[in-house]
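Examination of the molecular architecture
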There are 2 protein chains.
Amino acid sequence: MTISKGIQLFPRSEYLRRLAAVKAEMARREIDALVVSNPSNIAYLTGHTAYSSYVPQGVVVSVHEEEPTFIVRHMDALAAFHESFLGQRNVIGYPENLIANPDRDGYDVIIDFLHDLGLANRGVGLELGSLTLKTGQAHEKFRARMPQARIVDCSRAVDWIRIVKSDLEISIMREAAAIASGAIMRAAEVIRPSIREADAAAEIIGALVRGANGKPGTAVTDFCMCSTPRTGTAHIRWSEDVFRDDSQVNLELGAVRHGYTAALSRTFIIGAPSDQLRRLHEAEITGLEAALDTVRPGATCSEVANAFYHAIEKLGFRKESRCGYPIGIDWSEPTASLRDGDLTVLQPNMTFHLMLGNWIDEKLGYVISETFRVTEVGVEVLTNVPRKLFEL
Amino acid sequence: MTISKGIQLFPRSEYLRRLAAVKAEMARREIDALVVSNPSNIAYLTGHTAYSSYVPQGVVVSVHEEEPTFIVRHMDALAAFHESFLGQRNVIGYPENLIANPDRDGYDVIIDFLHDLGLANRGVGLELGSLTLKTGQAHEKFRARMPQARIVDCSRAVDWIRIVKSDLEISIMREAAAIASGAIMRAAEVIRPSIREADAAAEIIGALVRGANGKPGTAVTDFCMCSTPRTGTAHIRWSEDVFRDDSQVNLELGAVRHGYTAALSRTFIIGAPSDQLRRLHEAEITGLEAALDTVRPGATCSEVANAFYHAIEKLGFRKESRCGYPIGIDWSEPTASLRDGDLTVLQPNMTFHLMLGNWIDEKLGYVISETFRVTEVGVEVLTNVPRKLFEL
């Protein structure tokens, strides 16, 4: 391929380090090949973030090869080479006539490749939950065409490896966090009476794309703007309404730098808050600080969550939902959880979205969150805006 | 729930019409219950478009009940009631302690509900490809906890029903198409030498959110801006580069109104195009018109695609990839395909994204597309910008 390489966010050694960790896990599971289908795990192992997961794809990691091989739709192979650290021979575009073809698809090409490598009769890991045929038959295809293989579900194996970030990854997350912080401050400028929610959203999303400190956002991710009378809801984007003199706005947004996400939430009110909202805000701040004070290597996710729960309960409030989750290439990584009973032990360079949104009843909802990193001795909050109820 | 209903885009009768079609298909497949997990199909059957598919959810359609029941995370139940046409009793929020809980999750609540309805020993349809546990074990859970059920994979059953839109749906898609058209014209204003790609993207995405004719966009969807030297790629969002005096920009974007998407692509060039690019553009326009001339009820998807292929081949070009796909609540509906050999017969009010992007080699790529509707006698193109190579 004659196309140039794009920005290489990480040196080759960083990817080889990640792959070594994956291969160690493969050895533990006694598999020779791992087919990685989850787009976030593909980004982690290669640097590829362009759209391509809408059809079958897979990064095949072999314990016998240094570099994995990315098998992807022909149309998307150039982007995969451009964005990833992979060499030319390690990006294989499969033919366009396999798209929307009921008889043969990209998974057949992956299976052929495993046969060619001589691995189709060995232990083969699949991410069963990330196969994208949308018919539930992808798994059966692998079984039928590799009857000698011992197929092992490795759905979260790579996710658990990437829960601990490298310093290089942390530096990208800091860039994303700066963008998220700038967008919240932009929201404080544009949320005004008689402004349409959509127009405010356009400005805030524009800030997320333009970025901060000369570093643009590289994608648009989920964006939730739940305003009066919808402050009891959590995940509505924005409505067709206009802000009014007493509108409350619960804003949860994320900024993305080359796949890495930092998320941040704040609550805004036009005019003065009710006593009830102010009391809830104060309790949440107390709980937030208690949770952050608990963060250190060796503490568990459960301890962090319970520090929050206990602090707000003393102040007369409860929160039913969990207190957050790991964040990185995904907004919400599907591994640990900041909830009562999750005994995952915090380690340095784990990153979390401490999400303390609290929907007390159908009229009283409030959001506050931070993206933080576990340090060698405690916590570093990556996002940086005032921890206040923004009165506009 | 005391929260108000949001904008109801469609009357109840429209949803009941859709549900009647689903129930007819269920009768054909001899199932009493259908668990709909695909977020687009959930939007189709209820009107719900807020984020909720990141954890298990399901709309349970029973042949014995007029209205379906939406089982969703507690945190998202208020939004589901607010946005959907469903009555209070037909939105069930499941407890927050089932989130990130390895022992019991939202699917258990759906299974309990099927048992309560007395349907767990009947034919039960699942959308196997849309179960969201990300471990591949969701299917096994249904099998294990409903051993008497005859489980039928209905992954694309609802998708095939929604391929034909109602006039009410078409009117929403026209609104989305107007927004997409406005965004392409905005792109022609902001793509200029020395402007960062991200800043142009921010303006164009802002136009997609602000909307057109007083109708805002209601979500941000995929956005591809593949610029020199990446015009051979198809699906990169934007880069950190600055446009130069001879930059080419292949822009593919979509506008969303309450879930309904209209997509549109055009190619932009700063300065004069090469002869090769101009010849490709002219061939593509000839092919586009030939394809549109073929569209009428009774024609097949294959005929439309081949009209394009034959027209450009006469002019010395080839295109390897397909020519488009149905569009509606999804950007790309997973049913018919505008490709050689797809014998799906066009019917009035089917809508397609006629996507004629053509990546001839690693340096020569070009995009043009339209969103169209099949009419009673031919075609209506919903998007509306000049079919030109935009020379800036």
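Model, not experiment: these values are computed from the prediction.

Remarks on the packing of helix 9 (residues 275-294) of chain A against helix 10 (residues 301-314) of chain A
Residue and element names in this part refer to chain A. Closest axis-to-axis distance for the helix 9/helix 10 pair is 8 Å, and the angle between their directions is 150°. Classed by the angle they form, the pair helix 9 and helix 10 counts as roughly antiparallel. Along this stretch, helix 9 crosses helix 10, giving a crossing that reads as right-handed. Of the residues in helix 10, those in contact with Ala283, Glu284, Thr286, Gly287, Leu288, Ala290, Ala291 and Thr294 of helix 9 are Glu303, Val304, Ala307, Phe308, Ala311 and Ile312.

Overview of the side chain of Ser130 of chain A
Among the structural elements, Ser130 of chain A can be located in the loop between strand 5 (123-126) and helix 5 (138-145). Setting aside chain neighbours within four positions, we find Ser130 of chain A in contact with Ser37, Asn38 and Tyr107 of chain A.

A look at the nonpolar core
Of all hydrophobic cores here, the largest spans 62 residues; its most connected members are Phe223 and Met225 of chain A together with Phe223 and Met225 of chain B. Those residues in contact with Met225 of chain B that sit more than four places away from it in its chain are Glu197, Ala200, Ala201, Ile204, Ile236, Arg237, Trp238, Phe243, Val249, Asn250 and Leu251 of chain B.

Quick word on the relation of the copies chain A and chain B
Two copies of a chain can be linked by a rotation about an axis combined with a shift along that same axis. Overlaying chain A with chain B gives an RMSD of 0.0 Å, the required rotation being 180° about an axis along which the chain moves by 0.0 Å. Here the two chains are linked by the operation of a two-fold rotation axis. Of every C-alpha in chain A, the one belonging to Gly206 of chain A sits nearest the axis of rotation, 3.1 Å from it. A shared binding surface is used by both copies, with 100% of the interface residues of chain A retained as interface residues in chain B.

A look at the packing of helix 7 (residues 167-190) of chain A against helix 8 (residues 197-210) of chain A
Residue and element names in this part refer to chain A. Running from amino to carboxyl end, helix 7 crosses helix 8 at an angle of 155°, the nearest separation of the two axes being 8 Å. One way to sum up the angle between helix 7 and helix 8 is to call them roughly antiparallel. Crossing hand, helix 7 versus helix 8: right-handed. In contact with Ile179, Ala180, Ala183, Arg186, Ala187 and Val190 of helix 7, helix 8 contributes Ala200, Glu203, Ile204, Ala207 and Leu208.

Quick word on empty space enclosed by the protein
Residue and element names in this part refer to chain B. Counting across every chain of the model gives two cavities of 30 Å³ or more. Roughly 50 Å³ of volume is contained in the largest cavity. Lining of the largest cavity is provided by Val22, Glu25, Met26, Arg29, Ile31, Leu34, Cys154, Ala157, Val158 and Ile161. At the level of elements, helix 1 (12-28) and helix 6 (157-161) are the ones that each hand at least two residues to the lining of the largest cavity. Residue composition of the lining of the largest cavity, grouped by class: eight nonpolar, no polar and two charged.

Some points on the interface of chain A and chain B
Residue-level contacts link 70 residues of chain A with 70 residues of chain B. Where chain A touches chain B, the interface holds four salt bridges. Note that Glu240 of chain B and Arg257 of chain A form a salt bridge whose closest N and O atoms lie 2.6 Å from each other. Only helix 3 (74-83), helix 8 and strand 7 (219-227) of chain A provide two or more residues apiece to the side of chain A that touches chain B. Looking at the side of chain A that touches chain B element by element, the count peaks at nine residues for helix 8 of chain A. Residues that form the side of chain A that touches chain B fall into these classes: 29 nonpolar, 21 polar and 20 charged.

Considering the packing of aromatic side chains
How two aromatic rings sit relative to each other is given by the distance of their centres and the angle of their planes. All names here are of chain A. Scanning all chains against the criterion turns up 16 aromatic pairs over all chains. The interplanar angle of 75° and the centroid separation of 6.0 Å between the aromatic rings of Phe10 and Tyr260 together place this pair among those described as edge-to-face. Of this pair, Phe10 sits in the segment before helix 1 (12-28) while Tyr260 sits in strand 9 (residues 260-269), and the two are 250 residues apart along the sequence. Of the residues examined, Phe10 reaches a relative accessible area of 4% and is grouped as buried. Among the residues examined, Tyr260 registers a relative accessible area of 2% and is labelled buried. Ring centres 5.9 Å apart and planes at 75° place the aromatic pair Phe223 and Trp238 in the edge-to-face group. Here the residue Phe223 occupies a position in strand 7, and Trp238 occupies one in the loop between strand 7 and strand 8 (248-257), the gap between them amounting to 15 residues.

Looking at the pattern of salt bridges
Going through the model one piece at a time under the given rule, you end up with 66 salt bridges over all chains. Of the charged contacts, one joins Glu66 of chain A and Arg12 of chain A as a salt bridge, the two residues approaching to 3.0 Å between their closest N and O atoms. Taken together, the residues span a long stretch of sequence, with Glu66 of chain A in the loop between strand 2 (58-62) and strand 3 (69-73) and Arg12 of chain A in helix 1 at a distance of 54 residues. We note a salt bridge from Glu175 of chain B to Lys215 of chain B, for which the minimum N-O separation is 3.8 Å. On the criterion of sequence distance, the pair formed by Glu175 of chain B in helix 7 (residues 167-190) and Lys215 of chain B in the loop between helix 8 (197-210) and strand 7 (219-227) is long-range, its members being 40 residues apart. Judged by its relative accessible area of 19%, Glu175 of chain B is buried. Its relative accessible area of 33% is what places Lys215 of chain B among the partly exposed residues.

Describing the domain arrangement of chain A
Residue and element names in this part refer to chain A. Splitting chain A by domain gives domain 1 (12-161) and domain 2 (167-391). A separation of 34 Å is found between the C-alpha centroids of domain 1 and domain 2. Counting residues at the interface gives 10 residues for domain 1 and 12 residues for domain 2. Carbon and sulfur atoms supply 59% of the area that domain 1 and domain 2 bury against each other, a total of about 860 Å² over both sides. Counting across the interface, domain 1 meets domain 2 through one salt bridge. Two residues, Glu169 and Arg18, come together in a salt bridge whose shortest N-O distance is 3.6 Å. Among the elements of the structure, helix 1, helix 2 (39-46) and helix 6 (157-161) are those that each provide at least two residues to the side of domain 1 that touches domain 2.

Comments concerning the environment of Gly6 of chain A
Inspection of the secondary structure assignment puts Gly6 of chain A in the segment before helix 1. Between the C-alpha atom of Gly6 of chain A and that of Ser84 of chain A, which follows or precedes it by 78 residues, the distance is 8.0 Å.

Overview of the pairing of strand 11 (residues 351-355) of chain A
Residue and element names in this part refer to chain A. Counting buried residues in strand 11 gives five out of five residues, a clear majority hidden from the surface. As judged from the five bridges shared by strand 11 and strand 14 (residues 369-374), these two strands associate in the antiparallel manner. Across the sheet, the residue bridging to Thr351 is Arg373, located in strand 14.

A short note on the sheet that holds strand 1 (residues 33-36) of chain A
Where strands meet in a sheet, backbone hydrogen bonds hold them as pairs that are either parallel or antiparallel. Residue and element names in this part refer to chain A. One open sheet holds the six strands; their spatial order is 4-3-2-1-5-6, and the pairing between them is mixed. Edge strands, defined here as strands with exactly one partner in the open sheet, are strand 4 (91-94) and strand 6 (150-153). Averaged over all pairs of adjacent strands, the angle between strand axes in this sheet comes to 20°, irrespective of strand direction. Pairing analysis gives four bridges linking strand 3 to strand 4, with the strands arranged parallel. Paired with Ile71 across the strands is Ile92, a residue of strand 4. Most of the contacts of helix 3 go to strand 3, to which it runs at about 140°, and overall it touches strand 3 and strand 4.

Rules and cut-offs
Residues numbered from 1 in each chain as written. Chains lettered and ligands numbered in written order. Predicted model: local features only at pLDDT ≥ 70, side-chain atom pairs only at ≥ 80, totals over all residues. Heavy atoms only, no water. Axes fitted to C-alpha atoms, helices over the stretch in contact; angles between N-to-C directions. Helix = DSSP H or I, 4+ residues; strand = E, 2+ residues; numbered from the N terminus. Parallel < 35°, antiparallel > 145°, perpendicular 65-115°, else oblique. Left-handed = near helix turned anticlockwise from the far one by under 90°. Contact = heavy atoms within 4.5 Å. Core = buried A, V, L, I, M, F, W, Y, C linked by side-chain atoms within 4.5 Å. Buried < 20%, exposed > 50% of the residue type's maximum accessible area, 1.4 Å probe, protein only. Least-squares fit on C-alpha atoms with pLDDT ≥ 70 in both. 1 Å grid on protein atoms, 1.4 Å probe; cavity = no way out; pocket = protein on both sides within 12 Å on 5 of 7 lines; lining within 4 Å. Points joined across faces, edges and corners; volume = space filled by probe spheres on them. Nonpolar A, V, L, I, M, F, W, Y, C, P; charged D, E, K, R; others polar. Salt bridge = Lys/Arg side-chain N within 4 Å of Asp/Glu carboxyl O. Phe/Tyr/Trp six-rings, centres within 6.5 Å; stacked < 30°, edge-to-face > 60°. Domains from an automatic or database assignment. Buried area = accessible area lost by both parts, 1.4 Å probe. Pairing = 2+ DSSP bridges.

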